[in-house]
Every structure is written in C-alpha cells, then in structure tokens.
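# Results of the structural survey
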Amino acid sequence: MRVHDSAPLDNAEPLLDVAALRADTPGCAEVIHFNNAGCGLLPAPVLSAMQDHLNLEARIGGYEASAARADEVRQFYVELGAMLNTGPDNIAFASSATHAYATALSAIPFEPGDVVLTTRHDFISNQIAFLSLRKRFGVRLVHAPDAPEGGVDVAAMADLMREHRPRLVAATHIPTNSGLVQPVAEIGRHCRELDLLYLVDACQSVGQYPLDVDEIGCDLLTATCRKFLRGPRGSGFLYVSDRVLRAGYEPLFIDMYGARWNAPGHYEPVRTAARFEDWEFPYAAVLGCAAAVRYARNVGVEAIARRTPALAARLRDQLAAVPGVRVLDQGARLGALVTFAIEGWQPESFKAAVDERRINSALSFRGLAQFDFGDKDVDWCLRLSPHYYNTEEEVDEVSAAVADLARLGSSAR
Ligand SMILES: Cc1ncc(COP(=O)(O)O)c(C=O)c1O
C-alpha cells in the first residue's frame, strides 16, 4: 500500500504518499498532466504488465502467451468485480466505453414508440446513439430537465419515469465537458422501484470515486480503463447485472466467444457477461487493466475520491479569481473536471500556449455538449483534470499560468 500509515487525516483516512505515487509514474517527470479526463498517466506496474506480456507474445507466440497467462487475465474480472461490488461473471472487457455502450444498447429489443429517458448531460456519443435508435427504430427520446443548481432534477426525472415507463433510463455519472457529478444512485432507486432498465456511463467516475453497482441500482454500466483508472488506451468494460443476464439479453452481433453454435440452426449465449465480449482480445491491454485496477485498490479508492476532487476544487477557486476567466462547472456536487472560458483567446492558440508550458489539458466545443454549452452560452472551453498524483504546487502553477495568459489575452484586445 502506497500510504503513510503514520499520518492519518482529520477523519482517520490515511494520507496518500504523493511523492511515492509520483515516483511510480514516469510521466510526472515530463509534464503537468491535467488531462486525466482524457487519459491518465500510466503507473509503472501497468506499463510493465503490458510490456511483459508483449515480450512473452514475441517469445512464445500470441495464443501460447494468453494460455500461459490465463490466471492473470482472470484477475481482471476478479479485481474489477471486487472494486464494483459484483462478481467476475458480471464483467465484460471492451475496447472502449463507447463500444461497451453500443454493445449494451444492441441487446435491447427496441420497438417503435419505446421511450429512452436520459439527461441533458449525457455523453455526446450516447446522445448520438439514441438519435440513431430514433432514426432506425422510431424510439422516442426524452431528456429530463435540470435542477436550478445544475445537474438533473431527479424528482422530475422520476415523474417522467412514471409518465412514460421508458424502455431504458440512461445517465452519465460525470459528463466529459464539466465538473458535474450526477446523482446516479438516486436515479437508480427510482428505476428499481419501477423496475426499469437502467444504463449508467461511468467513464469519468471509475477510478475517481468508489462505484458500487448495487448501490447505484444499475442493470448495465460502462466505462473506459484509460482515464481515472490509469489503464491503457483501447480498453473498457461493461458491467451486466444478474437480472439482465437471467432475462436473456444478448448483443445483436454475438460472436463465437459469446455463444455456442450447438446445431446448424441454433446458438446459445454463454451464461456470463462474456456473451458481450469478442473472441479476439488485446491480452496485453487486459493485463494492463488488471494491474490498473489492482493499483487503484492498493492506493485506496476512498482516499483517491477525497484527494482528486479536492485538488480540482483548489484549482477552480483559484481560476474563479482570475479576471477574464469564467469557471463553467455547475452542480450540487463537483468532481475533478474543471472547465472554464477565457476572454481574448481563440481555442487552438490558447491550448497551444498552455501546451508550451508543458501543461496537458483538453479543449471542449459546443458540439460535444449541445445542451450544456447552449445553456452556458459558450462555444468552447478548456478542461483541466488533475488526479491524486498531481500536487498542490502543480495546481498553483497551472492557475498562475492561466492568469498570465488571461492578462495577455486582455492586453491583446
Ligand atoms: C462521460 C464519457 N462517456 C464515454 C466516453 C467515451 O469513452 P471511449 O472514448 O472509451 O469510448 C467518454 C470519453 O471521453 C466520456 O467522457
């Protein structure tokens, strides 16, 4: 465990040993990485798990290497299941969160007139998928309204559940384009009460907050491993509840891994969430994900969930005091994504000026978040997303850099 056992915090949580965690993270020596919402920096054990496997594949052959590492591959399911409070048989590996999401949607036999109930903050690709379902199957898409403080109005959403009896309720825990944390467990309680199918996009929350699929009350949950979980690119997963497995949901294009072809005219899906997986597997990435989940659990997900949003809050407070900067995050609860608009700059040149200071960040545009950016009346913003291995000094350096650039922006006008 990478913690100081001698230095408990005020409420008895052990303090993270940030220096040791940084020493474990080669990228910390190169950049100020405030783009964890894009892709976290790999810790050394994740990197070596993947390198070791690629070396083994090169030495003995790809199929032989995966057979030799079958127990370690299994640990991905065991560790991730333990992290989400579910079993290994409820997890499917996926090549991205979007792939996991599309595979989950493909398992729902939508009919014309079925309602998909979602929020105004759900991820762009999910919104596009719903629109595509509308185009192809004639589903109706309903967006729950927001509460005055920002984020979905859960009571209004529950009313819409009772009114429409949706075929699917979908919520993104943390959107890609703001610091908002949506109350997914509250939404889930209504879904369970009304027995509605509930799909949660936890792409930005896994590795940032503890996730308990029972507490959330979801049937399906998707995420990537590359963001706050600090796994490799090209990886993600789908959680599938026992309820959904027992009800016989299966992806539209189930393959020879997900099903047994037991007669010329017949196939049978496998019993577990493996029915949502493909036969071909990037084993090095899966082993990297197993290492990433293990690493996060060793660091301590509760401790991460305290430090990471606190660093973001420090950054948000400092940026809010900079003339010419408008912090855009709204909601009762805010996480580690910090977004702001700045006067006097165009997006690409501003990002390039931030890059020049070796600060990693990301641009967001209105096309990523039509509702949210429309409400806020902004066309673009910069997103900064620290993680627990970043330091308070880095936060201060980044906000000083933004203040510098804001001065430059205002003098250029
Ligand atoms: C909230 C959210 N959902 C889904 C995705 C899509 O993830 P992936 O790129 O792994 O498909 C992202 C990526 O930024 C995201 O932020």
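Computed from a predicted structure; not experimentally measured. (Residues numbered from 1 in each chain as written. Predicted model: local features only at pLDDT ≥ 70, side-chain atom pairs only at ≥ 80, totals over all residues.)

Structurally, Val-270 is set in the loop between β12 (266-269) and α11 (283-299). Taking the number of C-beta atoms within 10 Å as the measure of exposure, Val-270 has 17 and is therefore partly exposed. Separated by 14 residues in the primary sequence, Val-270 and Met-256 place their C-alpha atoms 9.8 Å from one another. The contacts of Val-270, once residues within four sequence positions are left out, are Gly-258, Ala-259, Arg-260 and Arg-275. (Helix = DSSP H or I, 4+ residues; strand = E, 2+ residues; numbered from the N terminus. Buried ≥ 20, exposed ≤ 12 C-beta atoms within 10 Å, placed from the backbone. Contact = placed C-beta atoms within 7 Å.)

UniProt records the feature "domain: Aminotransferase class V" (unreviewed entry) at residues 33-397, using the numbering of this structure. The distance separating the terminal C-alpha atoms of residues 33-397 is 12 Å; by composition the span is 42% helix and 17% strand. (UniProt positions renumbered as here; feature names shortened; annotations may be inferred.)

Another aspect to go through is the site of the ligand. Around the ligand lies a shell of 13 residues, among which Ser-96, Ala-97, Thr-98, Thr-176 and Cys-203 are the nearest. Residue classes in the shell around the ligand are distributed as four nonpolar, eight polar and one charged. (Near = placed C-beta within 6 Å. Nonpolar A, V, L, I, M, F, W, Y, C, P; charged D, E, K, R; others polar.)

Right, let's get into the pairing of strand β17 (residues 380-384). Burial of β17 is extensive: five of the five residues sit out of reach of the surface. Where burial is concerned, the two faces of β17 agree: the one with Trp-380, Leu-382 and Leu-384 and the one with Cys-381 and Arg-383 are both buried. Relative to β17, strand β14 (residues 338-342) runs antiparallel, the two being bridged by three bridges. Considered in β17, the bridge of Thr-339 is made with Arg-383. (Pairing = 2+ DSSP bridges.)

Sheet topology places strand β11 (residues 259-263) next to β12; three bridges connect them, and they run antiparallel. Bridge pairing links Arg-260 to Glu-268 in β12. Linking β11 back to β12 in an antiparallel pair, the connection comprises two residues.

Now for the domain arrangement of the protein. The domain boundaries assigned to the protein delineate domain 1 (3-41 + 300-412) and domain 2 (47-298). Relative to domain 2, the C-alpha centre of domain 1 lies at a distance of 27 Å. Contacts between the two partners involve 29 residues from domain 1, matched on the other side by 27 residues from domain 2. Breaking the side of domain 1 that touches domain 2 down by element, the ones donating at least two residues are α12 (301-320), β14 and α14 (370-376). (Domains from an automatic or database assignment.)

Spatial strand order, β4-β10-β9-β8-β7-β5-β6: seven strands in an open sheet with mixed pairing. With partners counted over all chains shown, the strands left at the sheet margins are β4 (91-94) and β6 (140-144), one partner each. Ignoring strand direction, the axes of neighbouring strands in this sheet form an average angle of 20°. In this sheet, β6 lies alongside strand β5 (residues 115-119) in parallel orientation, the contact comprising five bridges. Bridging across to β6, Thr-119 finds its partner in Ala-144. (Axes fitted to C-alpha atoms, helices over the stretch in contact; angles between N-to-C directions.)

Time to look at the packing of α12 against helix α15 (residues 392-412). One way to put it is that α12 packs onto α15 with a least axis distance of 9 Å and a crossing angle of 25°. Relative to α15, the element α12 lies roughly parallel. Seen from above, α12 lies across α15 with right-handed handedness. The segment α12 lies against α15, with Leu-311, Arg-314, Leu-315, Gln-318 and Leu-319 engaging Glu-392, Val-395, Val-398, Ser-399 and Val-402. Looking at side-chain class alone, the contact of α12 with α15 contains six nonpolar, two polar and two charged residues. (Parallel < 35°, antiparallel > 145°, perpendicular 65-115°, else oblique. Left-handed = near helix turned anticlockwise from the far one by under 90°.)

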